[in-house]
Amino acid sequence: MDCLFCKIVAGDIPSTKVYEDELVYAFRDIAPQAPTHILVIPKAHIASVAEVTPDNSHLVSRIFEVIPKIAEAEGLANGYRVVSNCGPDAGQTVGHLHFHILGGRELKLEMA
Ligand code: 5GP
Ligand code: ZN
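Keep in mind it's a predicted model, so treat the numbers as computed, not measured. For every chain, the first residue of the written sequence is number 1, and numbering continues from 1 onward in sequence order. Ligands are numbered from 1 and chains lettered from A, in the order in which they are written. With pLDDT at 70 or above as the cut-off, local features in this predicted model cover only qualifying residues; side-chain atom pairs require 80 or more to be listed or tallied, and sums for whole chains, interfaces and linings still use all residues. Side-chain measures here rest on the full set of heavy atoms in the structure, leaving out hydrogens and waters.

Visitor: I tried to follow the side chain of asparagine 56 on my own but got confused; where do I start?
Guide: Structurally, asparagine 56 is set in the loop between strand 3 (36-42) and helix 2 (57-73). Two N or O atoms count as a polar contact when they lie within 3.5 Å, although within protein this holds only if one can serve as hydrogen donor and the other as acceptor, and sequence-adjacent residues are included solely when both atoms are side-chain atoms. At 3.1 Å, the side chain of asparagine 56 and the backbone oxygen of glutamate 51 are in polar contact. Helix and strand assignments follow DSSP, with helices taken as H or I runs no shorter than four residues and strands as E runs no shorter than two, numbered in order from the N terminus.

Printed below as a string of structure tokens:
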């Protein structure tokens, strides 16, 4: 499948790994928007939040178990933001479910 993040999981495209287990991979965003900017993804291809189902939601659960561990390891004791852009109106540019972890500075609240 022609998916950038599937290629990153496969190691065909290099990335800076932050965390990995049998279900989840996390790596540094190539264009960080905060001092810490990490992407957490399921190894299995899911296109977006819109494609989460009872069959694959355990992968999302695992991602949200992993996120606080990553945040702690990154020293984000003062807080962080978790974002998933879903679809064109949200500005999703890579069609493989991913959760941004943003932290290391005070983040402005941008709801739209
Ligand atoms: P989206 O815009 O879909 O929510 O987020 C996609 C993110 O993937 C962007 O923040 C972008 O900087 C990041 N990104 C795109 N291509 C690559 C890449 O090849 N490597 C890494 N590490 N990040 C990427
Ligand atoms: Zn994929």
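Visitor: Looking at this structure, I do not really get the packing of aromatic side chains. What am I missing?
Guide: Geometrically, a pair of aromatic rings is defined through the distance of the ring centres and the angle of the planes. Aromatic rings from Phe, Tyr and Trp, with only the six-membered ring used for Trp, were paired whenever their centres fell within 6.5 Å, and each pair was classed as stacked if the ring planes differed by under 30 degrees, edge-to-face if by over 60, and tilted otherwise. Taken as a whole and assessed by the stated rule, the structure comprises 3 aromatic pairs. When the ring of phenylalanine 64 is compared with that of phenylalanine 99, the centres are 5.1 Å apart and the planes differ by 80 degrees; the resulting orientation is edge-to-face. Here phenylalanine 64, found in helix 2, pairs with phenylalanine 99, found in strand 5 (residues 99-103); they are 35 residues apart in sequence, far enough to count as distant. Classification of phenylalanine 64 as partly exposed rests on a relative accessible area of 41%. You can call phenylalanine 99 buried: its relative accessible area is 6%. For every residue, the accessible area obtained with a 1.4 Å probe (protein chains only) is divided by the maximum for its type, and the residue is called buried under 20%, exposed over 50%, and partly exposed between those limits.

Just geometry here; none of it tells us what the structure is for.
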